[in-house]
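# Survey of secondary and tertiary structure
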Amino acid sequence: MDRIRIVGGQRLNGAIPILGAKNATLPLMIAGLLTEDTLILDNVPRLADVNQLQRILGNHGVDIMIAGKRPGEEPNHGSTLHISAKTIVDTTAPYDLVSRMRASFWVVAPLVARMGGAKVSLPGGCAIGTRPVDLLIMALEKLGAGIEIESGYVIARAPKGLRGGEIVFPKVTVGGTHTALMAASLARGTTVIENAAREPEIGDVADCLNKMGANISGAGTSRIVVEGVARLNGARHSVLPDRIETGTYAIAVAMTGGDVVLQHARPELLQAALDVLAQTGAAVTPTNEGIRITRNGASLDPVEVTTAPFPGFPTDLQAQLMALMTRARGTSHITEAIFENRFMHVQELVRLGARIKLDGDTATIEGVSRLKGAPVMATDLRASVSLVIAALAAEGETTVNRVYHLDRGFERLEEKLGACGAAIQRISD
Ligand code: EPU
């Protein structure tokens, strides 16, 4: 299993290209199940999660072709996927595939909408909490699907097709909103989704569905209206830039100091996080190319942050911010309000010399003047990258084990940081 070795203390200077968002790519690939025609996705990041979803969709009969490089193409271009779900040969998503990636549960929506039935394994728990799917099931029921749960599988049936309905989410859910949007697009009549998630990835998926012939309005607000259509067609869509990759590298630069342009990044996708970074003392400047982050020798100021659904501070940047605050001059408080147990990074940061106390959903971080390298590992993607951020500022050598978590969500992380001056290296055994 690969490891990443980092020797801390180097400032980051240069440019880092930001690619398409993982959390838009996954639902966009799943949306390919809604049509017999080909859906072409551009700016797709090369990630383990994308490969894994490709295998899962392949099991349903979906052909995915990844276009090779074209002459003159810039090296930091995402890839282009041609997704063709002409014939769906199997409407079952088995446990061994779904348990490896939770978002694959979302295939239930296009399968039941297009094929009238689906049998999809319940995903089970994961490293950041219990993560139930009750609200996704509720949404499908509101659209007329009959749902049974049997031997760990959700069996959804709508032999005569789905019909529009009113879905009121008691809690904001990204997966619930994606599921409702995909199912409602092919339902008869009008669907209204209240308290919808407003994450930019929802808007991106809705844009793509509209290009495929869907009739969705209000995506990006908390009330989405979908007029169902009888069929969807192929389309071509470029995935929006990854706001979590953007925020992660921005925090890394704030941590080490330096001057980096995050190319293709869009500030409006993560304004809350950029505002917090500015409070810590980093300079954040939107430019024609993307976002420029600089910090000179000045010390970092502590912050008080609570994670929230978009447009609030994203839970997917909570661990990274905590790593940054380990070096602040003073005490910070970070409250995790989305997931119940997303603090797997705390004990590992402590191993690097951080002073963090956990009380329920709130971490109190007392800044220290130095961190010291150590072997560490983490059990989820964002926690792993928070350890990389801490290691970049730690004295001496840190080895981050279980790098496959990083590969799920960050393309060529060590190359991108290395190109900006970090002493970072992948070690393959
Ligand atoms: N929830 C329920 N019932 C449900 C669904 C969700 O109670 O049926 C709860 C969850 O337990 C959680 C809250 O609602 O407390 C929000 O969960 P949400 O459904 O919004 O999360 P998700 O769709 O499973 C996506 C991202 C996550 C990201 C969250 C929150 C993808 C593939 N995943 O998950 O990304 O943290 O939204 O923004 O889009 C990551 O990329 O590392 C990651 C975990």
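Described in the following lines is the structure provided in the data block. These numbers were taken from a predicted model, which means no experiment stands behind them. (Residues numbered from 1 in each chain as written. Predicted model: local features only at pLDDT ≥ 70, side-chain atom pairs only at ≥ 80, totals over all residues. Heavy atoms only, no water.)

### Section: the overall build of the chain
Scanning the chain from N- to C-terminus turns up 14 helices and 24 strands. Taken against the 2.2 N^0.38 rule, which gives 22 Å for 429 residues, the C-alpha radius of gyration of the chain at 22 Å falls within 12% of a compact globule. If one aligns the C-alpha atoms of the chain with their principal axes, the spans along those axes are about 65 × 55 × 40 Å. Across the 429 residues of the chain, 56% fall into the buried class. In the chain, the share of contacts with a sequence separation of at least 24, taken over all contacts with a separation of at least 6, comes to 75%. Counting every atom, the chain has about 16300 Å² of accessible surface; 48% of that belongs to carbon and sulfur. Within the chain, one finds 43 positive and 44 negative side-chain charges whose respective centroids are separated by 2 Å. (Helix = DSSP H or I, 4+ residues; strand = E, 2+ residues; numbered from the N terminus. Rg over C-alpha atoms; globule rule 2.2 N^0.38 Å. Buried < 20%, exposed > 50% of the residue type's maximum accessible area, 1.4 Å probe, protein only. Contact = heavy atoms within 4.5 Å. Areas by Shrake-Rupley, 256 points an atom, 1.4 Å probe, with all protein chains shown as cover. Lys, Arg positive; Asp, Glu negative; His and termini not counted. Charge placed at Lys NZ, Arg CZ, Asp CG, Glu CD.)

### Let's talk about the site of the ligand
The ligand sits among 23 residues. The nearest are Asp 134, Leu 135, Asp 316, Ile 338 and Arg 382. Measuring from an oxygen atom of the ligand, one finds a backbone N or O atom of Pro 132 at 3.2 Å. At 2.7 Å, a side-chain N or O of Asp 134 approaches a nitrogen atom of the ligand. Isolated, the ligand exposes 830 Å² of accessible area, and the fraction of that covered by the protein chains is 88%. (Near = heavy atom within 4 Å. Polar contact = N/O pair within 3.5 Å; in protein donor to acceptor, adjacent residues only side chain to side chain.)

### Comments concerning the sheet that holds strand S10 (residues 166–168)
What the 4 strands build is an open sheet, ordered S10-S11-S13-S12; its pairing is mixed. Both outer strands of the open sheet, S10 and strand S12 (215–217), are each paired with one neighbouring strand and no more. Averaged over all pairs of adjacent strands, the angle between their axes in this sheet comes to 15°, without regard to strand direction. Where S10 lies against strand S11 (residues 190–194), 3 bridges are found, and the strand directions are parallel. In the strand pairing of S11, Val 168 is matched with Glu 194. (Pairing = 2+ DSSP bridges. Axes fitted to C-alpha atoms, helices over the stretch in contact; angles between N-to-C directions.)

### Some points on the environment of Asp 134
For Asp 134, the location among the structural elements is in helix H5 (residues 134–142). Taking C-alpha positions, Asp 134 is 8.9 Å from Gly 176, a pair spaced 42 residues apart along the chain.

### Comments concerning the pattern of salt bridges
Within this structure, the stated rule accounts for 21 salt bridges. The residue Glu 148 makes a salt bridge to Arg 157 at a minimum N-O spacing of 2.8 Å. A residue is classified by how much of its surface remains accessible, and Arg 157, at 43% relative accessible area, is partly exposed. In this structure, Lys 416 and Glu 245 form a salt bridge, with 2.7 Å as the shortest nitrogen-oxygen distance. Here Lys 416 is found in helix H14 (residues 413–419), whereas its partner Glu 245 is found in helix H8 (residues 243–256), with 171 residues between them in sequence. Look at Lys 416 and you get buried, because its relative accessible area is 4%. Among the ionic contacts, a cluster of salt bridges with common partners joins Asp 2, Asp 407, Glu 414 and Arg 426. (Salt bridge = Lys/Arg side-chain N within 4 Å of Asp/Glu carboxyl O.)

### Overview of the sheet that holds strand S17 (residues 290–295)
Read from one edge to the other, the open sheet built from 4 strands follows the order S2-S15-S17-S16, with strand pairing classed as mixed. Edge strands, defined here as strands with exactly one partner in the open sheet, are strand S2 (12–17) and strand S16 (283–286). Ignoring strand direction, the axes of neighbouring strands in this sheet form an average angle of 15°. Taken together, the 6 bridges between S2 and strand S15 (residues 258–263) define a ladder with parallel strand orientation. Within S15, the position partnered with Pro 17 by the bridge is Gln 263.

### Here's the deal with the environment of Asp 275
For Asp 275, the position within the fold is in helix H9 (residues 271–280). C-alpha separation for the pair Asp 275 and Phe 313, spaced 38 residues apart in sequence, amounts to 9.4 Å.

### What to know about the packing of aromatic side chains
Following the criterion strictly, the structure yields 0 aromatic pairs and no others. Stacked on the ring of Tyr 153, the Lys or Arg Lys 119 has its end atom at 4.9 Å from the ring centre. (Phe/Tyr/Trp six-rings, centres within 6.5 Å; stacked < 30°, edge-to-face > 60°. Lys NZ or Arg CZ within 6 Å of the ring centre and 35° of its normal.)

### Thoughts on the pairing of S11
With helix H6 (residues 174–185) bridging S10 and its parallel neighbour S11, the resulting β-α-β unit is right-handed. Where S11 meets strand S13 (residues 223–227), 5 bridges bridge the pair, whose relative direction is antiparallel. Each residue of the ladder has a partner; that of Glu 194, found in S13, is Arg 223. (Right-handed = clockwise from strand over helix to strand, strands pointing away.)

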